[in-house]
Amino acid sequence: MSQLELKSGVTHAEQAHEVHEKPNYLNHDHSVMSWLYTLDHKRIGILYLVSITAMFILGGIMAALVRVELSTPKGDFLTADTYNKSFTAHGVIMLFFFLIPSIPAVMGNFALPLMIGARDVAFPRLNLLSYYLYALGAGIGMVALLYGGVDTGWTFYTPYSSTYSNSYVTVMAVGLFCIGFSSILTGLNFVVTVHRMRCPGLTWFRLPLFIWAIYATSVVQLLGTPVIAITLALLGVERTLGVGIFDPRLGGDPVLFQHMFWFYSHPAVYIMILPSLGLISEVIATFSRKNVFGYKIIALSSVTIAVFGFIVWAHHMFTTGISPYAAMVFSFLTFSVAIPSGIKVFTWLATMYKGAISFETPMIYGIAFIGLFTIGGVTGLYLSTLGMDIHLHDTYFVVAHFHYIMVGGAILGFMAGLHFWWPKITGRMYSDFWGKLGAGIIFIGFNFTFFPQFILGYLGMPRRYHEYPEELQLLNVMSSAGATILAIGYTLPLIYLTHSFFWGEKAGKNPWGATTLDWTATDSPPSPHNFDQIPVVTEEPYHFERKEAGVVSH
Amino acid sequence: MSAIEETEHGHGHNKNLAHHFDTLEQQHEANTLGMWAFLLTEVLFFGGLFAAYTVYRYKYSAVFEEASNLLDITLGAVNTAILIGSSLTMALAVRNSQLGNSTKTGHWLVLTIIFGMGFLGVKYFEWKHDYDIHLMPGKNFFHWQFAKKAKEIHTKEHSHRLPGPQDGVLKDDDPSLGVKARLESEQARLFYLLYFCMTSLHALHMVVGFGIIGVIAWKAYSGVFSPDYYTPVEIIGLYWHFVDIVWIFLFPLLYLLGAHLGH
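Residues numbered from 1 in each chain as written. Chains lettered and ligands numbered in written order. Predicted model: local features only at pLDDT ≥ 70, side-chain atom pairs only at ≥ 80, totals over all residues. Heavy atoms only, no water.

Participant: I keep staring at the packing of helix 11 (residues 361-384) of chain A against helix 14 (residues 432-459) of chain A and nothing clicks. Help me out?
Facilitator: How two helices sit against one another is set out by the angle between their axes and by the gap between those axes. Residue and element names in this part refer to chain A. It is at 9 Å that the axes of helix 11 and helix 14 come closest, and there the two elements cross at 10°. As summarised for this structure, helix 11 and helix 14 are arranged roughly parallel, according to the angle between their axes. The residues of helix 14 that touch helix 11, namely those facing Thr361, Ile364, Tyr365, Ala368, Leu372, Ile375 and Thr379, are Asp432, Gly435, Lys436, Gly438, Ala439, Ile442, Phe443, Phe446, Asn447 and Phe454. Residues of the contact of helix 11 with helix 14, tallied by class, amount to ten nonpolar, five polar and two charged. (Axes fitted to C-alpha atoms, helices over the stretch in contact; angles between N-to-C directions. Helix = DSSP H or I, 4+ residues; strand = E, 2+ residues; numbered from the N terminus. Parallel < 35°, antiparallel > 145°, perpendicular 65-115°, else oblique. Contact = heavy atoms within 4.5 Å. Nonpolar A, V, L, I, M, F, W, Y, C, P; charged D, E, K, R; others polar.)

Pasting the structure below:
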C-alpha cells in the first residue's frame, strides 16, 4: 500500500489531492483514447450507458410524436405515413437500441465481474468489439431513420416489409443485424465469464441472484439472436433479389416469417425483463436487510423463464393462421410462464416480510416494479387465453400489457439498478429526496399513460392507427397527459445524477450495507483491476443477520 | 495493492497469459468454452435456413426432388471428400501443436487452407454452371423444366454461350406455360434460392476460416505454440470441423433428394 502511495505521489505530484486516493477506473487515465480503446468492463459499461441514454431520449421523442397525434381523434398532427414511421421508430429504437442492451450491457458489464470476484469478463477485446458493433448498428439505424425511416412496425412483418414497403427496410435490417451480433457476443462473453471466471469458493448456488438472471439472459441471447439475424438476412435477400421466400405469390409463406421472427422476439422479451427480475432480487434483499426467501427457487426460476421463453413464441400468432391444436399447446405453455414469474413475485414479498425495510430510492423503484410487473404479467394471461385474444389481438390492450412489462418492468428495473449501483459506478451519492421524487413522478405518470390503454383496447381501439372514434378521446387525452408527466419523471434523474457525478457526496465502499462482493470487496469507484486481492467466498450471498451481528460485536 | 503487483509480475513470465486470468488452464478452458458457445449460435444461425428448408421441402416435396436432380452429384461428392480431407489435416495440425511440433503444425494448417480453396474452386465452377443453365433465382432464372435442356445444350456445345429463348428455353413467367407449370417453377425457385443461400453462407464461413487459419499458421511458424499453449489452434480446429459438419448436412439435403429413385 505504502509503495503505491509513494508511486502515485511521484507521478501526480502536482495533484496533491490524489495522493491520498488510490487510482480508480474513472481517474487512472483521463485521455479520450483511453475510453475509446478501453478493455475495462466497467468503462465499456459506461460507454453503453451513455449510448443507450441517447437512444432512450430519441425513442422518447418518437413516443411523444405518437402521443401528441393521439390526443385528438382526427389525424391532424401527422400524416398516416409519418405516424407509421414514428411508432416504428419508437419501437425499433426502444427495443433494439435501448432495452436489449440496457441492463445486460450496462449493468451486466459493470457489475458481473465485480459480483463474481473476477478481474474482467472472459474476453475483454470481444467485449469492446461488441460495443462497437452496437454503435455501428445504431449508426446505420439512424441513417435509415434520417433518410425517411421505416413504416413496417417494429415487427417487420412481410409483406409490409417486402412487397408493400418503399421505405428503408434493408438499411434498417443491416443495422439490426449488427446490433444482433453485438448482443450475441455480449451473451457469449457473459456465459463464459460466469462458467470460468468465478473466484475461489463462489459455487453456483452462492452466486448473487442478479448473476443467475444475467446468465439466463445471456443463454437466451446466444440461442435466440442468430435466428433473427438469419431471418433479416433472408428478408434482405427477398427484397434485393426479388425472390419470394416469404411471399405467397411466389410460393413462399409469410407465416414462416412470423414464426422465425417471434422465435427470437418472444425470448427477446425475456432478454429485457430477466435482468430486471434479478436486479430487483438484489434490491429487495439489500433494503429489507434480510436473506432472500427461497434463494434456489428464485435462481432456478430465472432459468425456467429462459427455457419457457423459447417455447411460447406462437402466442403472437393466434389470429394469423396457425392450426388450432398448435394454438392450444402454445396457449397452455404461455400460461405456464406465470408459474416462475409468480414464484419471483411471492418470494420478493416473503423476503420483505418482517425485514428491516428502508425506503431509499432503489427500493422505491423495486416496490413499484413488483406492482407494475404483476399487472403486466396478469394481463398477459388474458392475452394467452385463446378466445379472449381474438378480441384483444392488435388492440391497445396489448400495447398497455407489454408497456407494463417493458416500462413498468424492464425500465423501472433498470432505474432501480442505476440508482443502486450509482454510488459504485461514480463513487458518489445522489440526492435521495430528488431520487424518490423522480421515482414517484415516473410511477404516477406511467400509470396515467398506460392504464387507460387497457380500457381503450378492451373497447376495441386498434394499435397503429392515427385516427380513432371521438368517444375514445377522454382516455386518450389521459394517456397523453400521463406521458407528459412520465417525461418529466425521466428528465429528473438526468439532472440530479449529473449533479451527483460532479458534486455528489463521497459514497464510501458500501453505502447500502449490501453483502455481495461488488460492495464488500471493492472500493467505490473500483480500482482498474477491481480487487486488490481476489476474494475468497465462504458462504451464501445474503447473510445480513450474521453480518450485522458481526458489526455489533466489534 | 501489492497483491496485484505480485500477480502481475507472476503473469509477466508467460506472455501468453492475459492479465485477467489466473492460470493458462483457466484461459484455455474459457477460450474453448467461448468457441463452443459461438458454434452453438452458428447452429441456430444455420438453423433458420434449415427450418425454412424443412417447411418448404415438406410442402413441395415432389418438386424439390426433381429440382435437386439438376445439381451435380459428382462435383458435390468430390467436394465432400475434399472437405473431409481438410478436417483430417486440421486434426493433425491440432495434434502436432499439442506435441510442440510448430513447423509441422504450420504445414498442416496451410494444407487445410489449400484443401479448403480446392473446395471453393470446385464450388465456383459448379455455381457458374448452375448460373449458365438459369438456376440462379433472380432475373436470370428460367423455367426449371428447361434447365435440363439448357444443360444438354450447354454441355454439348462446350461454349460459353448461354442457352436462351432461341433454343426453346422459356422464362418461368412465360404466358405459354400453364398455371401448374408456373406454380411448380416457383417451388423449384425456392429450392434453388435455399441452395444458393445455404451454400454461399457455408462458403463465407470457409473464407473467414482461411483468414484466421492463415494468421494462426503464421504464428505456428514463428513458434508461438507449445504443449503449454496451443489454444488458438485447438479452437480454430473446432470451428473448421463445424464448417465441415454443416456441409455434411448440406450435401445430402441439397444434392441427394430422390437419388434412390433412380432419376
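Okay, back to it.
Participant: I would appreciate a short explanation of the domain arrangement of chain A in the present structure.
Facilitator: Quoted interface sizes are often the accessible area lost when the parts come together. All names here are of chain A. Parsing chain A into structural domains produces domain 1 (1-30) and domain 2 (31-465 + 472-553). Put simply, the middle of domain 1 and the middle of domain 2, counted by C-alpha atoms, are 38 Å apart. Between domain 1 and domain 2, the contact holds nine residues from the first and 18 residues from the second. Summed over both partners, the interface of domain 1 with domain 2 comes to about 1000 Å²; 53% of that surface belongs to carbon and sulfur atoms. The largest per-residue losses of area from domain 1 upon contact with domain 2 belong to Lys22, Tyr25 and Leu26, which jointly make up 58% of the total buried on that side. Taken together, the connections running from domain 1 to domain 2 amount to seven residue pairs in polar contact (both at pLDDT 80 or more). Tallied by class, the residues present in the side of domain 1 that touches domain 2 amount to three nonpolar, three polar and three charged. (Domains from an automatic or database assignment. Buried area = accessible area lost by both parts, 1.4 Å probe. Polar contact = N/O pair within 3.5 Å; in protein donor to acceptor, adjacent residues only side chain to side chain.)

Participant: Mind showing me how you'd approach the state of the cysteines here?
Facilitator: Simply put, the disulfide is a covalent bond whose two ends are the sulfur atoms of two cysteines. Going through the model one piece at a time under the given rule, you end up with zero disulfides over all chains. The thiol sulfur of Cys178 of chain A is not disulfide-bonded, and the nearest other cysteine sulfur, from Cys197 of chain B, lies at 19 Å. (Disulfide = S-S within 2.5 Å.)

Participant: Would you take a moment to explain the interface of chain A and chain B for this structure?
Facilitator: Contact with chain A, which involves 40 residues of that partner, is made by 37 residues of chain B. Broken down residue by residue, the surface that chain A buries against chain B is led by Arg119, Arg196 and Ile230 of chain A, which jointly contribute 16%. At the boundary of chain A with chain B, the tally comes to two salt bridges. Close ionic contact of Arg196 of chain A with Glu29 of chain B constitutes a salt bridge, the shortest N to O distance being 3.6 Å. Here chain A and chain B share seven residue pairs in polar contact (both at pLDDT 80 or more) between them. Of all the elements in the fold, those that place two or more residues in the side of chain A that touches chain B are helix 1 (2-11), helix 6 (169-196), helix 7 (209-241) and helix 8 (254-288) of chain A. The dominant element in the side of chain A that touches chain B, judged by the number of residues it contributes, is helix 7 of chain A, at nine residues. (Salt bridge = Lys/Arg side-chain N within 4 Å of Asp/Glu carboxyl O.)

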